[in-house]
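# Analysis of the macromolecular model
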Amino acid sequence: MPRGYRDRADDSLLTLLGDLPELVTNLVKAEIDAAKAWVSRTAKDAGIGSVWFLVALFFLFWAVPVILVFAIAGLSSWWPVWLSALAVLGILIVAVLLFALLGILKFRKVLRRQNPAQAVAEDIRIVKEAGDEHP
């Protein structure tokens, strides 16, 4: 038997009605706690995702001068300078892609999470289905 549950099949109607305010209060408190936890997790994950995007933008910002150095070095001397500039550009682009991917993954995690409004709607649906089963 799950924790905190008991068989109420033999309880009288007055006992069940007497327990109803406590059950509703517990449900409201649990939903408020779930909402607080959801807001906290969502804010944290959105903040971390934003930081990854900022890191990606930082590397992209420094990639622009590298492209210019690459073009200048490629025109002025044909091998060692522009090849090294190309290698640095490649590393920066890989870093931009990596940090952008980390940010996207974090935001997808935020969007998949069930919010408190969905939990309340699910609770209401369950209560309605239970009421329909017992006419």
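Refer to the structure above for everything that follows.
Below, the structure is looked at part by part. Source: prediction; values computed, not measured. (Residues numbered from 1 in each chain as written. Predicted model: local features only at pLDDT ≥ 70, side-chain atom pairs only at ≥ 80, totals over all residues. Heavy atoms only, no water.)

### Description of the overall build of the protein chain
What counts is decided by this rule: In this description a helix means any DSSP run of H or I spanning at least four residues, a strand means any run of E spanning at least two, and both kinds are numbered starting from the N terminus. Note on exposure labels: buried denotes an accessible area under 20% of the residue type's maximum, exposed denotes more than 50%, and partly exposed covers the range between, all computed with a 1.4 Å probe on protein chains only. Contacts are assigned to residue pairs with any non-hydrogen atoms lying within 4.5 Å of each other. Areas reported as accessible are Shrake-Rupley estimates using a 1.4 Å probe. Residue values count occlusion only from the protein chains shown.
A count of helical and extended segments in the protein chain gives three helices and zero strands. In the protein chain, the succession of α and β elements from N to C terminus is α-α-α. Taking all 135 residues of the protein chain together, 18% fall into the buried category. A sequence separation of at least 24 residues applies to 75% of the contacts in the protein chain between residues at least 6 apart. As displayed, the protein chain offers around 10500 Å² of accessible surface, 73% of which is attributable to carbon and sulfur atoms.

### So, the pattern of salt bridges
Which entries qualify depends on this criterion: By convention in these notes, a salt bridge is any Lys or Arg side-chain nitrogen within 4 Å of a carboxyl oxygen on Asp or Glu.
This model, assessed by the stated rule, comprises two salt bridges. Two residues, Lys106 and Asp45, come together in a salt bridge whose shortest N-O distance is 3.8 Å. Residue Lys106 is found in helix α2 (residues 80-112), and its partner Asp45 is found in helix α1 (residues 13-76); the two are separated by 61 residues along the sequence. For the residue pair Lys106 and Asp45, the accessibility class agrees, reading buried in each case.

### Topic: the side chain of Asp45
On the basis of relative accessible area, Asp45 is assigned to the buried category, the value being 6%. The residues touching Asp45, leaving out its near neighbours within four places in the chain, are Lys106, Lys109, Val110 and Arg113.

### Brief notes about a positive patch on the surface
Stated precisely, the cut-off is as follows: Only residues whose relative accessible area exceeds 30% and that form no salt bridge enter a patch; like-charged residues are grouped when within 9 Å of one another, and nonpolar side chains (Val, Leu, Ile, Met, Phe, Trp, Tyr) when within 5 Å. Note on charges: Lys and Arg go in the positive column, Asp and Glu in the negative column, and His and the chain ends are not counted at all. By convention, the charge on Lys lies at NZ, on Arg at CZ, on Asp at CG and on Glu at CD.
Positive charge collects at one region of the surface, where Arg41, Lys44, Arg108, Lys109 and Arg112 lie side by side. Of all the secondary structure elements, the ones that give two or more residues to the positive patch are α1 and α2. Ranked by residues supplied to the positive patch, first place goes to α2 with three residues.

### Regarding a nonpolar patch on the surface
Taken together, the side chains of Leu13, Leu14, Leu17, Leu20, Leu23, Val24, Val28 and Ile32 define a hydrophobic patch exposed on the protein surface, amounting to about 770 Å² of accessible area. Along the chain, the position of Leu20 falls in helix α1. On the basis of relative accessible area, Leu20 is assigned to the partly exposed category, the value being 44%.

### Side note on the environment of Leu92
For Leu92, the position within the fold is in helix α2. The exposure class of Leu92 is buried, given its relative accessible area of 12%. Along the backbone, Leu92 and Trp62 are 30 residues apart, and their C-alpha atoms lie at a distance of 8.0 Å.

### What about the packing of aromatic side chains?
Under the convention used in this document: Each aromatic pair joins two rings of Phe, Tyr and Trp (for Trp, the six-membered one) with centres within 6.5 Å, and gets the label stacked for planes under 30 degrees apart, edge-to-face for over 60, and tilted for any other angle.
Scanning the model with the defined rule gives six aromatic pairs in all. Pairing Phe58 with Trp62 gives two aromatic rings, centres 6.5 Å apart and planes at 70 degrees, and the pair type is edge-to-face. Taken together, the residues Phe58 and Trp62, both in helix α1 and four residues apart, mark about one turn of the helix. With relative accessibility at 45%, the residue Trp62 sits in the partly exposed group. When the ring of Phe59 is compared with that of Phe99, the centres are 5.6 Å apart and the planes differ by 0 degrees; the resulting orientation is stacked. Of this pair, Phe59 sits in helix α1 while Phe99 sits in helix α2, and the two are 40 residues apart along the sequence. Of the residues examined, Phe59 reaches a relative accessible area of 23% and is grouped as partly exposed. Its relative accessible area of 17% is what places Phe99 among the buried residues.

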